[in-house]
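# Reading the structure
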Amino acid sequence: NAYKRFFKGCSRFPKFKSRKFSAPSFYHDNVKIQFTNTHIKVEGFAKSRKKNKQKLNWIRLAEHNKIPTDCKYTNPRIKYDGLNWYLTIGVESEDSIIFPSNEGIGIDLGIKDFAICSDRNKYQNINKTQRFKKLEKQKRRLQRSISRSYEKNKKGKEYCKTNNVIKKEKLLLRLNHRLTNIRHNYLHQIISEIVKREPSFIVLEDLNVKGMMKNKHLSKAVQQQGFYEFRRQIEYKSAWNNIRVIIADRFFPSSKLCSCCGNIKKDLKLSDRIYRCKCGNVIDRDYQAALNLKRYGENVIKQSVA
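Described in the following lines is the structure provided in the data block.

Calculation rules
- Residues numbered from 1 in each chain as written.
- Predicted model: local features only at pLDDT ≥ 70, side-chain atom pairs only at ≥ 80, totals over all residues.
- Heavy atoms only, no water.
- Pairing = 2+ DSSP bridges.
- Helix = DSSP H or I, 4+ residues; strand = E, 2+ residues; numbered from the N terminus.
- Axes fitted to C-alpha atoms, helices over the stretch in contact; angles between N-to-C directions.
- Patch = residues over 30% accessible without salt bridge, like charges linked within 9 Å, V, L, I, M, F, W, Y side chains within 5 Å.
- Areas by Shrake-Rupley, 256 points an atom, 1.4 Å probe, with all protein chains shown as cover.
- Salt bridge = Lys/Arg side-chain N within 4 Å of Asp/Glu carboxyl O.
- Lys, Arg positive; Asp, Glu negative; His and termini not counted.
- Charge placed at Lys NZ, Arg CZ, Asp CG, Glu CD.
- Expected span 1.5 Å × (residues − 1).
- Buried < 20%, exposed > 50% of the residue type's maximum accessible area, 1.4 Å probe, protein only.
- Contact = heavy atoms within 4.5 Å.
- Core = buried A, V, L, I, M, F, W, Y, C linked by side-chain atoms within 4.5 Å.
- Arc of directions from axis to C-beta.
- Disulfide = S-S within 2.5 Å.

## Re the sheet that holds strand E8 (residues 113-117)
If you trace the five strands from one edge of the open sheet to the other, you get E9-E8-E7-E12-E13, paired in mixed fashion. Each edge of the sheet is formed by a strand with only one pairing partner; in this case those strands are strand E9 (122-124) and strand E13 (244-248). Recorded for the sheet is a direction-independent mean angle of 20° between the axes of neighbouring strands. Pairing of E8 with E9, which is carried by three bridges, proceeds in the antiparallel orientation. Among the inter-strand pairings, alanine 115 is bridged to a residue of E9, identified as tyrosine 123.

Next up, the structure:
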């Protein structure tokens with residue numbers, strides 16, 4: 001397939017990619033799949049015609065009443081992430097015909113607080129909560145324990161993986177999945193709450209995350225925030241609800257621009273959390289950035305209409 005796409009001019013010359021580190025997944029024919037409220041039947045797992053063997057085809061779902069049973073399914077795929085088996089499936093649904101007419105929202109993303117909206121809604125950084133710090137501490141201790149076990153069972157230049165090491169690595173994998181799932185769940189909750197307010201447009205910054213990651217003091221905090229995942233979810237959930245998403249230019253001075261007089265404070269540092277202007281404007285810099293982004297979106301809409 002890769003060579004066919006190359007000769008058609010659809011892609012570049014294919015390079016070899018090992019499947020050693022890729023997540024195991026496979027496609028299943030959508031005709032040979034059935035759903036109930038609690039189970040899924042996948043034909044082909046058990047070829048025997050005996051009733052006791054055919055029960056292997058029926059698999060209990062962890063979440064009940066999640067998948068509709070009276071519709072057409074597309075592109076079913078089964079995936080394994082090292083702990084659990086997941087089924088992803090496409091279901092057709094009607095497009096929304098409602099176009100929101102409420103005031104637009106500008107969203108400034110940061111590290112101190114995850115997201116600050118122009119309508120004064122603020123969402124905290126979940127990585128700074130006590131619950132999350134406790135899990136991170138457990139993770140660090142487990143990693144050190146695994147490292148000590150490897151050093152203890154070292155034979156010459158080679159490391160010996162014992163049963164205890166395998167058990168600890170499974171615990172570490174489970175902990176990593178839990179941290180990732182908490183972050184993703186928090187992102188979904190924030191974005192769903194923003195979209196349900198039905199703004200006419202949403203404005204985001206085009207952040208240079210790759211450049212931000214080069215700062216060794218902030219790289220881990222930036223990585224944990226998941227700015228790209230936030231933008232991706234905002235874009236597809238807004239498309240479902242007919243909300244326009246505007247991406248502000250990367251060099252737009254959202255934090256340095258005064259929301260009252262339009263003056264640009266070029267010597268504003270990252271440590272300056274309060275913006276003070278000559279015109280007497282004293283405001284939180286993140287909230288001001290959200291206001292400037294909202295105004296940026298209004299100007300873009302006016303130009304497109306004109």
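Moving on, there is more to tell.
## A few points about a positive patch on the surface
Together, Lys137, Arg140, Arg141, Arg144, Arg148 and Lys220 line one region of the surface with positive charge. Ranked by residues supplied to the positive patch, first place goes to helix H3 (residues 130-152) with five residues. Mapped onto the fold, arginine 144 is located in helix H3.

## Describing H3
Given a rise of 1.5 Å per residue, 23 residues ought to cover 33 Å, and the 33 Å separating the end C-alpha atoms of H3 matches this to within 8%. Within the sequence span of H3, burial applies to Phe132, Leu135, Glu136, Leu142, Ser145, Ile146, Ser149 and Tyr150. Lining the buried residues of H3 we find strand E10 (154-155), strand E11 (158-159), helix H4 (163-196) and helix H6 (219-225).

## Observations concerning the sheet that holds strand E3 (residues 39-42)
The three strands are arranged E2-E3-E4 in an open sheet whose pairing can be described as antiparallel. Lying at the two open borders of the sheet, with one neighbouring strand each, are strand E2 (33-35) and strand E4 (58-60). Averaged over neighbouring strand pairs, the angle between their axes works out to 25° when direction is ignored. Both E2 and E3 contribute to a ladder of three bridges, which runs antiparallel. Across the sheet, the residue bridging to glutamine 34 is lysine 41, located in E3.

## A short note on the nonpolar core
Core analysis: the largest hydrophobic core is formed by 26 residues, its most contacted members being Ile107, Phe114, Ile194 and Phe230. Every element with two or more residues in this core is listed here: strand E7 (105-109), E8, H3, H4, strand E12 (201-205) and helix H7 (227-240). With nine residues, H4 is the single largest residue contributor to this core. Residues within four places of isoleucine 107 in sequence aside, it is in contact with Ala115, Ile116, Cys117, Ile194, Ile202, Val203, Leu204, Phe230 and Leu293.

## What about the pattern of salt bridges?
For side chains bearing opposite charge, pairing can occur when the charged atoms are close. Per the stated rule, a full pass over the model turns up 11 salt bridges. The salt bridge partner of lysine 294 is glutamate 103, with a shortest N-O separation of 2.0 Å. Placement of the pair is lysine 294 in helix H8 (residues 285-305) and glutamate 103 in the loop between strand E6 (85-91) and E7, with a sequence separation of 191 residues. Among the residues examined, lysine 294 registers a relative accessible area of 14% and is labelled buried. Notably, a salt bridge pairs arginine 273 with aspartate 286, separated by 2.9 Å at the nearest N-O pair. Of this pair, arginine 273 sits in the loop between E13 and strand E14 (274-276) while aspartate 286 sits in helix H8, and the two are 13 residues apart along the sequence.

## Let's talk about the environment of asparagine 176
Along the chain, the position of asparagine 176 falls in helix H4. Distance in space between the C-alpha atoms of asparagine 176 and leucine 135 is 9.3 Å, their sequence separation being 41 residues.

## Concerning H7
When the terminal C-alpha atoms of H7 are compared, their 20 Å separation across 14 residues agrees well with the 20 Å that a helix rising 1.5 Å per residue should span. Residues of H7 that are buried: Phe227, Glu229, Phe230, Gln233, Ile234, Lys237 and Ser238. The buried side chains of H7 occupy one side of the element, clustering within an arc of 155° when seen end-on. Across H7 from its buried face, at more than 90 degrees, point the exposed residues Tyr228 and Ala239. Just beyond H7, the residue with positive phi is asparagine 242, at close to 60°.

## Quick word on the state of the cysteines
For the structure on display, the rule yields zero disulfides. Free cysteine: cysteine 277, not disulfide-bonded; nearest cysteine sulfur from cysteine 261 at 3.5 Å. For cysteine 277, a relative accessible area of 13% corresponds to the buried category. Cysteine cysteine 279 is unpaired, with the sulfur of cysteine 277 as its nearest cysteine sulfur at 3.6 Å. Cysteine 279 gets classed as partly exposed once you look at its relative accessible area, which sits at 43%.

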